[in-house]
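Commentary on secondary and tertiary structure
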Amino acid sequence: MDLSAINPILLIAAMIAAATPILLAAIGELVVERAGVLNLGVEGMMITGAVCGFIIAVNTGSPTVGFIAAAIGGAVLSLLFAFLTQVALANQVASGLALTLFGLGLSALMGQSYVGIKPPRTEATPLGPLADIPVIGPIFFGHDLVVYIGLVIVAGTWATLKFSRAGLILRAVGENHDAAHALGYKVKRIRTAAIMFGGACAGLGGAYISLIRVPQWTEGMTAGVGWIALALVVFASWKPWRVLLGAYLFGGITQLQLNLQGAGVAIPVEYLAMSPYIVTIIVLVILSSDKSRAPGSLGRTFHVSG
Amino acid sequence: MTTPLLALSGLTKAYPGVIANDDVTLDIGVGEIHALLGENGAGKSTLVKIIYGLVKPDSGVMQMHGTAFAPVDPRAARGAGVGMVFQHFSLFDALSVAENIALGMEAPPPMATLATRIREVSETYGLPLSPDRTVGDLSAGERQRVEIIRCLLQDPKLLIMDEPTSVLTPQEVDILFETLRKLKEEGTAILYISHKLEEIRALCDAATILRGGKNVGTCVPRDTSAREMAEMMVGSTLATPKAAAHDAGEVMLSVTGLSAASPSAFGMALKDISFEVRAGEVLGIGGVAGNGQDELLGVLSGELPCGNGMVSFKGGDLSTIGPEARRGLGVLAAPEERLGHAAAPDMSLTENAMLTGMTREGLARSGMLNWTKARGFAERIITEFDVRTPGPHNAARSLSGGNLQKFVIGREVLQRPEVLVVNQPTWGVDAAAAADIRQALLDLAAGGAALVIISQDLDELMEISDRFAALNEGRLSAPKPTSGLNVEQIGLMLGGAHGMEVAHV
């Protein structure tokens with residue numbers, strides 16, 4: 001084995017990039033769940049975002065337009081979920097599972113003629129002299145814009161939930177929808193908005209895989225990242241910064257174990273492959289041992305009664 | 001005559017199959033405390049929901065200060081100066097007091113300013129409350145203060161209160177009344193809903209009585225006896241529960257040194273509780289909700305585990321015996337939470353009758369259920385306890401609170417228990433039905449059963465129990481004979497007013 005083949009600076013930079021799709025999907029789902037809705041369709045919205053972003057980026061030649069299209073694609077698909085659960089009052093678990101299956105099939109259909117094509121390259125954000133700082137520069141300032149957008153969304157979500165009235169109302173709706181309704185808040189409208197935000201974030205996360213991480217289009221290429229994001233929200237006790245920690249931990253260890261595999265470490269590949277799951281779960285379980293708990297109305301259908 | 005603050009005329013609201021309000025006309029004057037009386041299902045809730053903008057009337061108009069008032073949602077109603085304190089608190093457990101209050105305001109100030117104003121208002125009206133505490137940790141009385149302060153911060157002209165005293169100790173009730181009288185002096189009108197007629201006589205200036213959705217009369221509560229008001233509500237004369245004279249028999253249920261942790265994070269652990277109940281005796285356990293009532297019922301019914309020898313029935317240890325086996329022995333329980341604990345909401349009344357009656361009523365044989373017999377049992381409960389429902393095939397959820405309560409209590413009473421533990425037997429039940437339930441419990445005791453009645457309604461406990469004990473912070477006071485206890489002593493047994501003080505401005 002040859003550990004010297006691993007460049008720590010490149011490794012850390014790659015860890016941050018590897019964490020971004022999970023981070024985006026998880027922070028979107030966090031907002032949805034704080035509003036009291038359990039959307040198990042993250043995987044479906046991610047893959048739909050991945051294919052929408054890919055198609056539009058290839059056709060326009062602009063990754064930026066591609067990412068915008070991915071967010072819109074994810075949000076439009078999530079509208080279907082919002083219709084099923086908020087208007088038709090369908091069961092959220094079943095609707096979410098259906099959304100994942102539907103998204104996987106739809107994306108495969110849409111992407112048929114795009115297999116094997118290379119998307120336009122996404123450039124690193126021009127941060128000027130910052131990127132030239134030794135060590136810190138390549139680690140923190142050499143990324144594409146989406147990585148920073150992900151961080152901004154996490155910080156924004158945290159601040160909105162904690163300090164703003166909109167965030168308070170969103171939490172109230174998720175905590176006790178009957179009481180929120182009695183106070184005159186529009187439960188369904190707020191939840192629909194949250195679901196669409198979640199869809200847009202998942203779409204962005206999906207496009208990050210198809211446009212930057214891989215980058216090409218393959219059927220089912222999100223490969224379970226949406227499910228990991230869902231689990232992350234729970235283990236992070238519905239707290240934004242813990243989602244960030246969990247995503248970086250998971251993305252980081254995924255990247256590290258790939259490097260270790262490449263370096264030929266004498267640990268069976270299977271153990272290395274399962275390590276990100278184990279470490280992330282252990283760390284977040286320890287963190288979530290405080291008294292934080294799920295939003296009170298999570299997963300419950302809101303039905304207006306006289 | 002001066003223009004009333006709020007004038008309702010000809011309000012009608014129909015739901016499929018039932019007319020909740022039928023041509024209701026009602027005036028509330030400035031600074032008037034107006035009581036709204038009626039049985040369960042008489043249409044009181046619908047009426048206040050119309051005023052608060054939660055329900056739109058089918059016809060009829062409302063006027064405030066002589067101008068048309070038709071709130072499209074609660075926000076509009078609050079904007080017009082209507083505040084409401086709900087019976088089932090519309091609070092958010094995981095949020096802080098200040099956050100809860102901010103949610104009920106139109107344009108809340110920044111959190112720091114709001115916290116200061118909460119402190120000011122709470123001190124002015126003698127309702128101490130810390131803005132930073134999490135609502136899930138508060139007692140029922142404190143939760144109510146959150147609701148009241150939320151309304152007061154918006155300078156309401158009309159405050160609607162739905163059964164505000166059902167969760168308070170006598171001292172807390174006194175302080176609430178002081179606060180309400182102070183508000184009245186400041187010109188705030190109060191629409192007050194309660195089943196407690198003596199309270200209405202003490203507090204209210206006028207009363208309107210609803211029956212079957214119609215306004216059947218008004219009265220001045222001070223000049224009307226509680227009995228007359230109750231009879232106006234029911235539309236017939238009322239029987240007072242009577243206990244037949246009886247001697248206490250052998251010890252049926254005995255609890256010694258019972259300590260048990262609460263299964264819930266917001267619950268209260270039981271600490272060293274001892275008492276015994278004899279055959280034919282009714283032990284009343286008073287106390288404000290959240291002081292260990294649910295836990296005590298859980299331990300006695302067998303849902304919560306307790307140490308060896310802590311609970312025994314006719315001398316035999318019960319601690320290792322589960323709820324179903326206890327039912328077989330004759331130890332039955334009826335918990336407070338009707339939907340979800342005492343009854344499965346989406347199952348029919350027949351199925352719910354089956355669930356607890358299976359063993360004692362012989363509704364199942366070698367694992368096979370006898371539905372015909374179960375339906376018969378459910379029908380018997382419905383007839384004997386006057387449960388108003390189209391039939392036993394209806395889901396428990398479809399019954400009104402009071403009706404379901406009658407069903408749940410009736411189901412246990414009809415199983416001829418030897419020991420019956422009931423939590424809040426008449427919670428949310430109207431005067432006539434409450435009298436029926438109390439009579440059934442007394443009859444049961446007269447037949448030789450030992451009863452433990454846990455209730456927050458002290459008048460009820462005074463009326464039916466032989467001995468009284470108070471549950472406070474998980475500890476039980478020594479039981480005392482009920483005859484000879486006065487409200488003052490009981491209040492002290494309950495542990496005082498939980499830090500409340502009388503308004504002093």
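As the structure is a computational prediction, the values presented were derived from the model and not from experiment.

Okay, the overall build of chain A next. If you tally the helices and strands in chain A, you get 12 helices and zero strands. Secondary structure elements of chain A, listed N to C terminal, follow the sequence α-α-α-α-α-α-α-α-α-α-α-α. The C-alpha atoms of chain A give a radius of gyration of 20 Å, which matches the 19 Å a tight globule of 306 residues would have. Taken along its principal axes, the extent of the C-alpha atoms in chain A is 70 × 45 × 40 Å. In chain A, buried positions account for 48% of the 306 residues. Sequence separation of at least 24 residues holds for 79% of the intrachain contacts in chain A that already meet a minimum separation of 6.

Let us now look at the sheet that holds strand 8 (residues 189-193) of chain B. Residue and element names in this part refer to chain B. Spatial strand order, 6-7-8-3-9-10: six strands in an open sheet with mixed pairing. For this open sheet the edge positions go to strand 6 (82-85) and strand 10 (214-219), each flanked by a neighbour on one side alone. The mean inter-strand angle of the sheet, taken between neighbouring strand axes irrespective of direction, is 20°. Relative to strand 8, strand 7 (residues 158-162) runs parallel, the two sharing five bridges. Its bridge partner being in strand 8, Met161 is matched across the sheet by Tyr192. Contacts from helix 6 (residues 170-185) reach strand 3 (33-38), strand 7 and strand 8 within the one sheet, and its direction differs from that of strand 8 by about 145°. On the sheet, helix 8 (residues 226-234) packs against strand 3, strand 9 (206-211) and strand 10 and is oriented at approximately 30° with respect to strand 9.

Bringing the pairing of strand 16 (residues 331-334) of chain B into the picture now. All names here are of chain B. The alternating pattern of strand 16 places Val331 and Ala333 and Leu332 and Ala334 on opposite faces, both of which are buried. In terms of strand pairing, strand 16 meets strand 19 (residues 419-423) through four bridges, oriented parallel. Counted as the bridge partner of Ala333 is Val421 from strand 19.

Another point: helix 1 (residues 8-34) of chain A. Residues and elements named next belong to chain A. Here helix 1 is 27 residues long and its end C-alpha atoms lie 37 Å apart, about the 39 Å a rise of 1.5 Å per residue gives. Considering bend angle alone, the principal kink of helix 1 is centred on Thr20 and spans about 35°; proline Pro21 follows within four residues of it. Of all the 27 residues making up helix 1, 21 are buried; the element is thus mostly covered by neighbouring parts of the structure. Immediately downstream of helix 1, the backbone of Gly36 shows phi near 95°, a positive value.

Residues and elements named next belong to chain A. In contact at an axis separation of 9 Å, helix 10 (residues 225-235) and helix 11 (residues 240-262) are set at 135° when each is read in the N-to-C sense. The pairing of helix 10 with helix 11 is recorded here as oblique in orientation. The chirality of how helix 10 crosses helix 11 is right-handed. Contact with helix 10, carried on its side by Ile228, Leu232, Val233 and Phe235, involves Val243, Gly246, Ala247 and Phe250 of helix 11 and no other residues of that element. Per-class residue counts for the contact of helix 10 with helix 11 are seven nonpolar, one polar and no charged.

Before going further, it helps to examine helix 6 of chain B. Residue and element names in this part refer to chain B. Taking 1.5 Å of rise per residue, the 16 residues of helix 6 would be expected to cover 22 Å, and the 23 Å separating its terminal C-alpha atoms lies within 8% of that figure. All of the buried residues in helix 6 are Gln171, Glu172, Val173, Ile175, Leu176, Thr179, Leu180 and Leu183. Where helix 6 ends, the next residue or the one after it, Gly187, has phi of about 95°, a positive value.

Residues and elements named next belong to chain B. Domains assigned within chain B are domain 1 (6-234) and domain 2 (251-493). Its C-alpha centre places domain 1 at a distance of 31 Å from the equivalent point of domain 2. The interface is formed by 17 residues belonging to domain 1 together with 18 residues belonging to domain 2. Of all the secondary-structure elements, those providing two or more residues to the side of domain 1 that touches domain 2 are helix 5 (140-152), helix 6 and helix 8. With three residues, helix 8 is the largest single contributor of residues to the side of domain 1 that touches domain 2. Broken down by class, the residue content of the side of domain 1 that touches domain 2 amounts to six nonpolar, nine polar and two charged.

Residues and elements named next belong to chain B. Pairing of strand 11 (residues 251-260) with strand 12 (residues 270-278) involves six bridges; the strand directions are antiparallel. Pairing of Leu258 across the sheet is with Ile273, part of strand 12. Across three bridges, the pairing between strand 11 and strand 14 (residues 311-313) is antiparallel. In the sheet register, Val255 faces strand 14, and the bridge partner there is Val311.

Residues and elements named next belong to chain A. Running from N to C, helix 2 (residues 42-60) and helix 4 (residues 92-110) point in directions that differ by 20°, and their axes come no closer than 7 Å. In terms of axis orientation, helix 2 runs roughly parallel to helix 4. Read as a crossing pair, helix 2 and helix 4 show a hand that is left-handed. Contacts between helix 2 and helix 4 involve Glu43, Gly44, Met45, Ile47, Thr48, Ala50, Val51 and Ile55 from the former and Leu99, Thr100, Leu101, Phe102, Gly103, Leu104, Leu106, Ser107 and Met110 from the latter. Across the contact of helix 2 with helix 4, the residue classes tally to 11 nonpolar, five polar and one charged.

The next thing to look at is the confidence of the model for chain B. Residue and element names in this part refer to chain B. Confidence in the prediction of chain B, expressed as mean pLDDT, is 84, and 93% of residues score 70 or more. Low confidence marks residues 496-505, where pLDDT is under 50. Its contacts with residues over four positions away, or in another chain, come to 25 contacts. Two numbers describe this predicted complex: its pTM, 0.72, and its ipTM, 0.79.

To continue, consider unusual backbone geometry. For Val135 of chain A, which is not glycine, the phi dihedral falls at a positive 60°. When you line up the elements, Val135 of chain A lands in the loop between helix 4 and helix 5 (136-140). Classification of Val135 of chain A as exposed rests on a count of 10 C-beta atoms within 10 Å. Here Asp272 of chain B, not a glycine, exhibits a phi torsion of approximately 50°, which is positive. Relative to the elements of secondary structure, Asp272 of chain B occurs in strand 12.

The next subject is the nonpolar core. Among the nonpolar cores identified, the biggest contains 234 residues, and Ile22, Ala26 and Val243 of chain A together with Ile160 and Leu451 of chain B are the most heavily contacted of them. Among the domains, domain 1 (6-234) and domain 2 (251-493) of chain B are the pair contributing at least three residues each to this core. When residues no more than four places from it in sequence are discounted, the contact partners of Ile160 of chain B are Val48, Ile51, Tyr52, Val82, Gly83, Met84, Val85 and Leu191 of chain B.

Another point: the interface of chain A and chain B. Opposite the 13 residues of chain A that make contact, chain B presents 18 residues. Of all elements in the fold, only helix 7 (165-175) and helix 8 (177-182) of chain A reach the threshold of two or more residues within the side of chain A that touches chain B. In terms of residue count, the dominant contributor to the side of chain A that touches chain B is helix 7 of chain A (five residues).

Parameters and conventions
Residues numbered from 1 in each chain as written. Chains lettered and ligands numbered in written order. Predicted model: local features only at pLDDT ≥ 70, side-chain atom pairs only at ≥ 80, totals over all residues. Helix = DSSP H or I, 4+ residues; strand = E, 2+ residues; numbered from the N terminus. Rg over C-alpha atoms; globule rule 2.2 N^0.38 Å. Buried ≥ 20, exposed ≤ 12 C-beta atoms within 10 Å, placed from the backbone. Contact = placed C-beta atoms within 7 Å. Pairing = 2+ DSSP bridges. Axes fitted to C-alpha atoms, helices over the stretch in contact; angles between N-to-C directions. Expected span 1.5 Å × (residues − 1). Bend = angle between axes of the 7 residues up to and from the residue. Parallel < 35°, antiparallel > 145°, perpendicular 65-115°, else oblique. Left-handed = near helix turned anticlockwise from the far one by under 90°. Nonpolar A, V, L, I, M, F, W, Y, C, P; charged D, E, K, R; others polar. Domains from an automatic or database assignment. pLDDT = per-residue confidence, 0-100. Core = buried A, V, L, I, M, F, W, Y, C linked by C-beta atoms within 7 Å.

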